[in-house]
Amino acid sequence: MSWEIKKHTKAKHKILKSYLGAWFPIMAFTNPKIVYIDGFAGPGRYLEGEDGSPIYALKIAKEIFEKHYLKLKDKQFVFFFIEANKESFESLKKEINNLKLPSNFTVTTINDEFRNVMVEIFDYLDKNNNKLAPTFAFIDPFGTKGVPFEIVKKIMSYKKCEVFFNHMYSGVMRSKHVSDHTELYGTDKWKEVVDDGPKLTELYANQLQSIASVRYTRSFNVRAKNNAHIFDLVYATNNLVGLKKMKEAMWKADPLGNYQFRDTTNPNQIVLFEEEPDLTPLKQILLEEFSGKAKEITEIDDFVATETPYLSGHIKQKTLQPMFKAKEISVIRPDGSKSGFKEGTIITFP
Ligand SMILES: C[S@@+](CC[C@H](N)C(=O)[O-])C[C@H]1O[C@@H](n2cnc3c(N)ncnc32)[C@H](O)[C@@H]1O
C-alpha cells in the first residue's frame, strides 16, 4: 500500500479538520466526557509528511483544550484508534507517542478490526448498563468491507453520537458479482440500485433515517483522477447544530456549494477570480416554501439547514436583505430596530 497523499484524500481531510474544529469545543463545553473513534485509522503519516487522520484529530483537540483550558480542564477526552494492519498500527503508535498530549486525554490504539472492537465496546457498555458518551466516529475504510450497518446503527442509537462514513460506492459497483453487500447496507435492496452510484448513497442515507432513526444526513461526493475511486462522505447526526457545522465544513471544500470534489483541476491554471455560489435558487425556495406566510427568522434558518444545501450565512444579508430592498418581502423587527435580522424578526412572504 502506498501512503502518498492524493488530492481527493486532501479534500476529505479538509472537511474533517474543519468540522472537528467545531465539534471538539461545542461538545466538550457541554459534556463531561467526549469520545472520538477513528475506526480505520491508518499509519498516522503519509509519505509526503502530512498527518494522518488520528494525528490531526489529536492536534486539533489539543489546541482547543489548551486555548480553553479553564473551561475544559476537568473534561475527559477519550480517543480510540483502530487499525487492523500490524505495520500501519506500529507506525501509528509511534506517531502518537511523538505527541505531547494533555493528561485529560485517554488514547487507546487497537490492532484489530473495527467491527470486533465495536462489538467489544458495545458488549462492555451493555453488561454495565452504560451508554456510549457523546461520540464522533470517523469510519474510513479503503473498500467496501468491515462496516456492518448494524454497527453504525448501534452507534447512532446513543444520544449525541455521530458518524462520518466514507461510502466507497465505486467499490460496491465494481464487486457486485463477487461480493454480497447486504451487511454494509443492512438490506439486500442495494442489488436493485447497484448500477447507479448516487442511488447507493441515497439507499444508505435512507437506511440511516428509516432503520437507524437518524434525524439528519448529508453527503459529499469525491472523485479521484480517472474516476478510479468514487465515494460519498456520509455524515449522520441527530443534532441540528452538528448538521449546520458539517454543511459549513463541506462548503469550505467546495465553495460553489455543489457538495463535490473533482480531482481534475489543472494545477498550472491560474485562478483569476473566486467564483461565487449562485444563491438565486435559495430565494426561489424561500418564496415557494413560505408563500403567503409570516415566519420568524430562526424557523427560516432551521428550514434552510435541514431542507436545502445552503448555509445560515447565505440567508440574511445575501438573500433576505436584497429581497427587502426590492420590496419583495416585509420585515417586522423586534424592539423597533431598523436593520438586521436578529432573533424575533418576522418576515412576511408574498
Ligand atoms: C483509508 S485508510 C485510513 C486512512 C486514515 N483514516 C487517514 O485519513 O489518514 C484505511 C485503513 O484501514 C485499515 N483497515 C483495513 N481493514 C480494516 C478493518 N477491518 N478494521 C480496521 N482497520 C482496517 C487499513 O490497513 C488502512 O490503514
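Residues numbered from 1 in each chain as written. Predicted model: local features only at pLDDT ≥ 70, side-chain atom pairs only at ≥ 80, totals over all residues. Heavy atoms only, no water.

**Here's the deal with the overall build of the protein**
In terms of regular secondary structure, the protein is built from 14 helices and 11 strands. Taking the principal axes of its C-alpha atoms as reference, the protein extends roughly 65 × 50 × 45 Å. In the protein, the share of contacts with a sequence separation of at least 24, taken over all contacts with a separation of at least 6, comes to 70%. Approximately 17900 Å² of the protein is accessible, and the part contributed by carbon and sulfur atoms is 50%. (Helix = DSSP H or I, 4+ residues; strand = E, 2+ residues; numbered from the N terminus. Contact = heavy atoms within 4.5 Å. Areas by Shrake-Rupley, 256 points an atom, 1.4 Å probe, with all protein chains shown as cover.)

**With respect to the side chain of Asn104**
With respect to the helices, strands and loops of the structure, Asn104 is situated in the loop between α4 (86–97) and β3 (105–110). Judged by relative accessible area, which is 15%, Asn104 ranks as buried. At a separation of 2.7 Å, a polar atom in the side chain of Asn104 contacts the main-chain carbonyl oxygen of Lys73. Among all residues touching Asn104, those that are not within four sequence positions of it are Phe65, Leu72, Lys73, Asp74, Lys75, Gln76 and Phe77. (Buried < 20%, exposed > 50% of the residue type's maximum accessible area, 1.4 Å probe, protein only. Polar contact = N/O pair within 3.5 Å; in protein donor to acceptor, adjacent residues only side chain to side chain.)

**Side note on the pairing of strand β2 (residues 76–82)**
For β2, a buried count of 6 out of 7 residues is recorded, marking the element as mostly surrounded by other parts of the structure. Examined bridge by bridge, strand β1 (residues 33–38) and β2 share 6 bridges and lie parallel to one another. Counted as the bridge partner of Tyr36 is Phe79 from β2. When β2 meets β3, the two strands line up parallel, connected through 6 bridges. (Pairing = 2+ DSSP bridges.)

**Concerning the packing of helix α11 (residues 240–253) against helix α13 (residues 297–307)**
The N-to-C vectors of α11 and α13 enclose an angle of 65°; their axes lie 10 Å apart at closest approach. Crossing handedness for the pair α11 and α13: left-handed. The segment α11 lies against α13, with Leu240, Leu243, Lys244 and Lys247 engaging Asp301, Asp302, Val304, Ala305 and Thr306. Across the contact of α11 with α13, the residue classes break down as 4 nonpolar, 1 polar and 4 charged. (Axes fitted to C-alpha atoms, helices over the stretch in contact; angles between N-to-C directions. Left-handed = near helix turned anticlockwise from the far one by under 90°. Nonpolar A, V, L, I, M, F, W, Y, C, P; charged D, E, K, R; others polar.)

**Points about the sheet that holds strand β11 (residues 346–348)**
Pairing is antiparallel in the open sheet, where 3 strands are placed in the order β9-β11-β10. What marks the edges here is a single partner per strand, and that holds for β9 (294–296) and β10 (330–332). For this sheet the average axis-to-axis angle between neighbouring strands, irrespective of direction, equals 25°. Contacts from α13 reach β9 and β11 within the one sheet, and its direction differs from that of β9 by about 85°.

**Concerning the site of the ligand**
Looking at the ligand, there are 18 residues lining it, with Tyr46, Ser53, Glu83, Phe114 and Asp140 nearest. The side chain of Tyr46 places a nitrogen or oxygen atom 2.9 Å from an oxygen atom of the ligand. Between a nitrogen atom of the ligand and a main-chain N or O atom of Ala84, the distance comes to 3.2 Å. Here the ligand, which alone exposes 610 Å², has 88% of that area covered by the protein. Residue composition of the shell around the ligand, grouped by class: 8 nonpolar, 6 polar and 4 charged. (Near = heavy atom within 4 Å.)

**A word on the packing of aromatic side chains**
The final tally for this structure, using the stated rule, is 29 aromatic pairs. Seen from their ring centres, Tyr36 and Phe79 are 6.1 Å apart, and the 55° between their planes marks the pair as tilted. Of this pair, Tyr36 sits in strand β1 while Phe79 sits in strand β2; the two residues are 43 residues apart in sequence, bridging distant segments of the chain. Under the relative-accessibility criterion, Tyr36 is labelled buried at 0%. (Phe/Tyr/Trp six-rings, centres within 6.5 Å; stacked < 30°, edge-to-face > 60°.)

**Quick look at the environment of Ser213**
With respect to the helices and strands, Ser213 occurs in the loop between α10 (197–210) and β6 (216–223). A relative accessible area of 55% means that Ser213 is categorised as exposed. For the pair Ser213 and Lys283, spaced 70 residues apart in sequence, the C-alpha separation works out to 31 Å. Dropping the residues within four chain positions of it, Ser213 is found in contact with Leu208 and Asn238.

**Re the pattern of salt bridges**
When charged atoms on two side chains of opposite charge get close, those side chains can pair. Under the defined criterion, the tally for this structure stands at 20 salt bridges. Note that Arg45 and Asp51 form a salt bridge whose closest N and O atoms lie 2.9 Å from each other. Accessibility expressed as a relative area gives 27% for Arg45, which makes it partly exposed. For Asp51, a relative accessible area of 17% translates into the label buried. Linking Asp302 and Lys244 is a salt bridge whose minimum nitrogen-to-oxygen distance equals 3.2 Å. Taken together, the positions of Asp302 in helix α13 and Lys244 in helix α11 put the pair 58 residues apart, joining distant regions of the chain. Overall, the relative accessible area of 28% leaves Asp302 in the partly exposed class. Within the structure, one salt-bridge network assembled from shared partners comprises Arg45, Asp51, Lys59 and Glu95. (Salt bridge = Lys/Arg side-chain N within 4 Å of Asp/Glu carboxyl O.)

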